[in-house]
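Chain and residue survey
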Amino acid sequence: MTTIESHPSRTPTRRRSVARAARKYCGSPMAVAGYCILLILVVVALMPGQLAPYDPHAQNVARALEGPSGEHLLGLDQYGRDILSRLMHGARVSLAVGLLAVSMALVVGIPLGIAAGYFGGWVETAIMWVVDVMLSIPGIILALLFVALFGSGVVNMSIAIAIGFVPTFARLSHSPTLSYRQREFVQGSIAFGGRSLWVMRRHIWPNLRSQMLIIGCLTAGTTIRIEAGLSFLGLGVAPPTATWGGMLRDGMLYLQSVPLYSIVAGLAIFSAIVAFNLIGDGLRDILDPRTPERPVG
Amino acid sequence: MPRYLPRLLVRLVLTVFVVASAVFFGVRMVPGGPATALLGADASPVDIAAVNEKLGLEEPLIVQYGRFLGQLATGSLGNSLVSDRPVTASIMAVLPHTLELAIAGMAIGMVGGVLLGVFTAAYRNRAPDYIGRVLSLTLLSFPSYYIGVLLIFLVALRVGLPTSGAAPLSDPLQNLSQLILPALALGIVGTAYVARVTRGLMLEVLDEDHVRTARAKGISEFRVLIRHALQPASLPIASLGGLFFIVLIGDAVLIETVFARPGLGTLMVDAMLARDYTMVQGAVIVVAAVIVVVNSLLEIVYRLIDPRIRVK
């Protein structure tokens, strides 16, 4: 699993050492771009107060919807708030919800999948049956339903989005577990009296780790997409908190007069998603080229 | 009658049952109860009692659940909490718009994706391949709703296409003019995804012996690509359809909002914002049923085109 397979689609040519290092540690030069974007977003999300030029809530209605200027680089929104500052503050909600949701889905989904594959029998039937039913409802609709019922803070939204991805991770960890279960090193460990929990943790989980890391990374892009989608629908973190999805929706009303408003909000969402996609693809190239295509949802 | 039909029916009934039960109990777990959520925290006890009576909420949970399942078995989803009209009627009125949108989006995604995938596979590791791969990764990172907004800004506002609404199928021209942009917004992301999968499958097949033999026999490269590589890869590509449809129905919620298009998605979002729980409940059940039916139909199609798939 950890050996680097030579990629058939890559012809070995003499490349500069920088590109070689990028390929070795990040997967591809494009993945380096992904890490750079993510680094910028994380720094902005951690301290928007220090980096943003203005208070994201400070209104100046007299100058509402003013275009870009030296003073306000991306212009002002419908209440005369600085769009750039709001975008920077919006990074926090999107990244927090996106990462929290993936983590929760991984932490719940993988043990379920491993347990189903390891124990078999009714445990497997029960878990995989629930997984199949849940997979027949789009993740965003599950999230919508949860948020509509239980309200939408950062934590609630993360749980809402995570619910839709628990079955994905359970499904993805279930099938490899089935095959590892039959392998000699697992059978041997069981024969020597290894407890189930220990066998799963020491012999099965390490074999799934790299694939789950890759898919988790690719899924982070999807959870951010759904978070912004919920905010876009008006079911995200409540205003006046700045969210990228909310800004995209507000900007749509002024698409003809101030198109930049919506466009930059959408680009912010895009930048976060593309960062995780690039990093995930890079990880796939280094860790395990046979990882299945990203889950959709 | 084929043997798998009863199995598919059982699956449909079971899925609808589980989803309906989950939503039923979910709604009743709302903090403070649905009536408080509907009317607000400072509603008068009289009003709350009235809503509770309308919903049958004072009765024991098990009685409510039994009545709910009984209704469901007769195809009734109850009445809207807000308008008091039957939920089924409201859903059936908008369902065709959503189905039409999802099918059009799927067609665009499948056709575009296969074309782009075959094209990039044919030029493996040459410039068109790199451009195609960067393009598909970029498109994959665009949320469909953002593509919708961009399409309105870049196309609709310039060309003069309508940016909202939907027309019945009886008016094909108007219908198409209001369908094309939402369907494109849905289809473009799908194109990118299908292209990546197609390219991967094609490259695998292109490395196989029968392709080398075909080339050695002097068959034209185009024919090798289509007949010897795409055809064997087409079944796994087609089997993406079911998964793809689920994603499309989910994304349709957002796309319908962007284009202010009547449909299951806008219906659901409006009902959620108005806290119309019976409507939300009904819409989610219908979504699950539609998805199971479509996936079952696709499964039947796979069985017909691929005799190797047998009933377990």
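Residues numbered from 1 in each chain as written. Chains lettered and ligands numbered in written order. Predicted model: local features only at pLDDT ≥ 70, side-chain atom pairs only at ≥ 80, totals over all residues. Heavy atoms only, no water.

**What about the overall build of chain B?**
When helices and strands are tallied, chain B shows 12 helices and 0 strands. Along the chain direction, N to C, the helices and strands of chain B fall in the order α-α-α-α-α-α-α-α-α-α-α-α. When each of the 312 residues of chain B is scored for burial, the buried share is 51%. The long-range share in chain B, meaning contacts at least 24 apart out of those at least 6 apart in sequence, stands at 73%. Counting only carbon and sulfur atoms, one obtains 67% of the accessible surface of chain B, whose full area is about 14,600 Å². In chain B, 24 side chains carry a positive charge and 20 a negative one; their mean positions are 14 Å apart. (Helix = DSSP H or I, 4+ residues; strand = E, 2+ residues; numbered from the N terminus. Buried < 20%, exposed > 50% of the residue type's maximum accessible area, 1.4 Å probe, protein only. Contact = heavy atoms within 4.5 Å. Areas by Shrake-Rupley, 256 points an atom, 1.4 Å probe, with all protein chains shown as cover. Lys, Arg positive; Asp, Glu negative; His and termini not counted. Charge placed at Lys NZ, Arg CZ, Asp CG, Glu CD.)

**Looking at the overall build of chain A**
Helix and strand content of chain A: 11 helices and 0 strands. In chain A, the succession of α and β elements from N to C terminus is α-α-α-α-α-α-α-α-α-α-α. Overall, chain A is about 75 × 55 × 30 Å in size when its C-alpha atoms are taken along their principal axes. Here chain A holds 297 residues, and 52% of them are scored as buried.

**Concerning the side chain of Gln78(A)**
All names here are of chain A. Inspection of the secondary structure assignment puts glutamine 78 in the loop between α3 (48-51) and α4 (83-119). At 3.4 Å, the side chain of glutamine 78 and the side chain of aspartate 250 are in polar contact. Leave out the neighbours within four places in its chain, and glutamine 78 touches Ala64, Leu65, Asp250, Tyr254 and Tyr261. (Polar contact = N/O pair within 3.5 Å; in protein donor to acceptor, adjacent residues only side chain to side chain.)

**Quick look at the confidence of the model for chain B**
All names here are of chain B. Averaged over every residue, the pLDDT of chain B is 86; residues scoring 70 or more account for 97%. At the low end of the mean pLDDT range in chain B sits helix α2 (residues 33-39), at 73; at the high end sits helix α5 (residues 87-122), at 93. Interface predicted TM-score (ipTM) for the complex: 0.88; the corresponding pTM is 0.89. (pLDDT = per-residue confidence, 0-100.)

**Here we look at the pattern of salt bridges**
Inspection of the entire model under this criterion finds 16 salt bridges over all chains. A salt bridge links Asp77(A) to Arg81(A); the nearest nitrogen and oxygen atoms lie 2.9 Å apart. For Asp77(A), a relative accessible area of 0% corresponds to the buried category. The class of Arg81(A) is buried, set by a relative accessible area of 6%. Residues Arg11(B) and Glu299(B) are paired through a salt bridge, measuring 3.4 Å at the closest nitrogen-oxygen approach. Note that Arg11(B) is positioned in helix α1 (residues 4-28) and Glu299(B) in helix α12 (residues 277-305), a separation of 288 residues in sequence. Using a relative accessible area of 22% as the deciding quantity, one classes Glu299(B) as partly exposed. (Salt bridge = Lys/Arg side-chain N within 4 Å of Asp/Glu carboxyl O.)

**As for the packing of aromatic side chains**
Applying the stated criterion across every chain, the model contains 11 aromatic pairs over all chains. Ring plane angle 45 degrees and centroid distance 4.9 Å describe the contact between Phe146(A) and Phe150(A), whose orientation is recorded as tilted. Note that Phe146(A) and Phe150(A) are positioned in helix α6 (residues 139-150) at a spacing of 4 residues, about one turn of the helix. Here Phe150(A) falls in the partly exposed class, since its relative accessible area comes to 24%. For the pair Phe232(A) and Tyr145(B), a centre-to-centre distance of 5.5 Å together with 20 degrees between the ring planes defines the contact as stacked. Here Phe232(A), found in helix α9 (residues 196-232), pairs with Tyr145(B), found in helix α7 (residues 144-160), and the two come from separate chains. Look at Tyr145(B) and you get buried, because its relative accessible area is 1%. (Phe/Tyr/Trp six-rings, centres within 6.5 Å; stacked < 30°, edge-to-face > 60°.)

**With respect to the packing of helix α11 (residues 264-273) of chain B against α12(B)**
Helix packing for two helices is described by the angle between their axes and how far apart those axes are. Residue and element names in this part refer to chain B. One can describe the packing of α11 onto α12 by two numbers: an axis separation of 9 Å at closest approach and a directional angle of 150 degrees. When the axes of α11 and α12 are compared, the pair comes out roughly antiparallel. The two elements α11 and α12 cross, and the hand of that crossing is left-handed. For the pair formed by α11 and α12, the contact residues are Leu264, Leu267, Met268, Ala271 and Met272 on the first element and Met279, Val280, Ala283, Val284, Val286 and Val287 on the second. By residue class, the composition of the contact of α11 with α12 is 11 nonpolar, no polar and no charged. (Axes fitted to C-alpha atoms, helices over the stretch in contact; angles between N-to-C directions. Parallel < 35°, antiparallel > 145°, perpendicular 65-115°, else oblique. Left-handed = near helix turned anticlockwise from the far one by under 90°. Nonpolar A, V, L, I, M, F, W, Y, C, P; charged D, E, K, R; others polar.)

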